[in-house]
Amino acid sequence: MIILTGHEGFIGQNFCEELDLENVYRVEKDDACTFLDYFNDWDEVELILHQGAISSTVETDINKIHRYNVDYTLRLFEKSIEHQIPVRYASSASVYGNFGCSLDANKVMNPLNYYAISKLQVDYWVQQNIDRFSNIQGFRYFNVFGGHEELKVLQNQSSPVSKFVNDIKQTGKIRLFEGSNKMVRDFVYVKDVVNIVLNNKLPSGIYDLGTGQPVSFQHVADVIVDKIGGEIEYIPFPEHLRGKYQYYTCADMSYLNKPYTFTTVEEYVKDCIH
């Protein structure tokens, strides 16, 4: 049996499409905490896929974030330690903040919001307790895009890829920050994320998960406009985001022991956007 948290979320739904759901015990936020109190079949669990979290980068209720993203996570991880169940969990590249990547040997952390802080707290705890696990892999997801982002679009928390497509379909234009040609992110297709998480033999550790080949917001917007039409409107960069915005991100994918062919934004837009 596999325990999957966050199965109703964007990335969780993509995991569901790749798993035999008859062998998956699915946990969502509403029953996450009580689940730990009543579940008794730990001896049947072969893997915990922990993808559930409050993922809003603008959430300001620090107690709510801590309850779900930190406290619940650590309680779940203690269960995995007690029963020696391997864990693969979602961290976030947001922990790097303005530094944007782990390629710097110093690996400076600079979380810019409560969500990022919660992810870093868990990562630090895992690093301090890593020898207690049979195997634990944390993946710092970079800018994930792909299918099942509909709810995140409505919440204004989706990838720029899905947001730009929706904006054009709704208004005929993309509103892009001035200077977006210099705002660069590591965009990674959700199916590649799922594939790497599920199909690896990595030792315990915390790993970046992107492509290592970042592109600009301007590039993404241009690709989408070229495919479905519309126009780009440039708007001033918001004052409230100054100092709280990642201008550059790039994953360190050197841990992959063989070349991996990632789906590019261009390929996704060409094949999947209509």
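Computed from a predicted model, the values in this text were never measured in an experiment. (Residues numbered from 1 in each chain as written. Predicted model: local features only at pLDDT ≥ 70, side-chain atom pairs only at ≥ 80, totals over all residues. Heavy atoms only, no water.)

Undergrad: What is the right way to read helix α4 (residues 114-129) from this model?
TA: Because each turn of an α-helix spans 3.6 residues, side chains separated by three or four positions end up pointing in the same direction. Taking 1.5 Å as the rise per residue, α4 with 16 residues should run 22 Å; its terminal C-alpha atoms sit 23 Å apart, in good agreement. Buried within α4 are the following residues: Tyr115, Ala116, Ser118, Lys119, Leu120, Val122, Asp123, Trp125, Val126 and Asn129. Structurally, α4 contributes buried residues whose contacts are with α3 (62-83), β4 (87-92), β5 (136-141) and β10 (205-209). Of the residues that open α4, the one with a side-chain oxygen 3.3 Å from the backbone nitrogen of Tyr115 is Asn113. (Helix = DSSP H or I, 4+ residues; strand = E, 2+ residues; numbered from the N terminus. Expected span 1.5 Å × (residues − 1). Buried < 20%, exposed > 50% of the residue type's maximum accessible area, 1.4 Å probe, protein only. Contact = heavy atoms within 4.5 Å. Polar contact = N/O pair within 3.5 Å; in protein donor to acceptor, adjacent residues only side chain to side chain.)

Undergrad: Would you mind showing me how to read a nonpolar patch on the surface here?
TA: On the surface, Ile62, Tyr114 and Ile117 cluster together to form a nonpolar patch covering roughly 260 Å² of accessible area. Take Ile117: it is sitting in helix α4. (Patch = residues over 30% accessible without salt bridge, like charges linked within 9 Å, V, L, I, M, F, W, Y side chains within 5 Å. Areas by Shrake-Rupley, 256 points an atom, 1.4 Å probe, with all protein chains shown as cover. Salt bridge = Lys/Arg side-chain N within 4 Å of Asp/Glu carboxyl O.)

Undergrad: What's the story with the packing of helix α8 (residues 217-228) against helix α9 (residues 265-272) in this structure? I'm lost.
TA: The packing of two helices is summarised by the inter-axis angle and the distance between the axes. Direction vectors running N to C along α8 and α9 enclose 25°, while the axes themselves pass 10 Å from each other. Taken together, α8 and α9 sit at an angle that is classed as roughly parallel. Handedness of the α8/α9 crossing: right-handed. Residues His219, Val220, Val223, Ile224 and Lys227 of α8 lie in contact with α9, whose contacting residues are Val265, Glu266, Val269 and Lys270. For the contact of α8 with α9, the class distribution of residues is five nonpolar, one polar and three charged. (Axes fitted to C-alpha atoms, helices over the stretch in contact; angles between N-to-C directions. Parallel < 35°, antiparallel > 145°, perpendicular 65-115°, else oblique. Left-handed = near helix turned anticlockwise from the far one by under 90°. Nonpolar A, V, L, I, M, F, W, Y, C, P; charged D, E, K, R; others polar.)

Undergrad: Is there a simple way to explain the sheet that holds β5 in this structure?
TA: Strand order in the open sheet formed by six strands is β2-β1-β3-β4-β5-β10, with parallel pairing between adjacent strands. The open sheet terminates on both sides in strands that have one partner only, identified here as β2 (24-27) and β10. Taken over all neighbouring pairs, the strand axes of this sheet differ in orientation by 20° on average, direction set aside. Across the sheet, helix α7 (residues 190-198) touches β3 (47-50), β4, β5 and β10, and the angle it forms with β5 is around 165°. (Pairing = 2+ DSSP bridges.)

Undergrad: Help me understand the pattern of salt bridges in this model?
TA: Two side chains bearing opposite charge may form a pair once their charged atoms approach each other closely. Enumeration over the complete set of coordinates arrives at eight salt bridges. Between Arg75 and Asp37 there is a salt bridge, with the nearest N and O atoms lying 3.2 Å from each other. Residue Arg75 is located in helix α3, and its partner Asp37 is located in helix α2 (residues 29-38); the two are separated by 38 residues in the primary sequence. Taking the relative accessible area as the measure of exposure, Asp37 reaches 59% and is therefore exposed. A salt bridge links Arg140 to Asp123, with the shortest nitrogen-to-oxygen separation between them at 2.9 Å. Remark: Asp123 occurs in helix α4 and Arg140 occurs in strand β5; sequence separation between them is 17 residues. Accessibility expressed as a relative area gives 5% for Arg140, which makes it buried. Several salt bridges converge on common partners, so that one network encompasses Glu17, Glu18 and Lys191.

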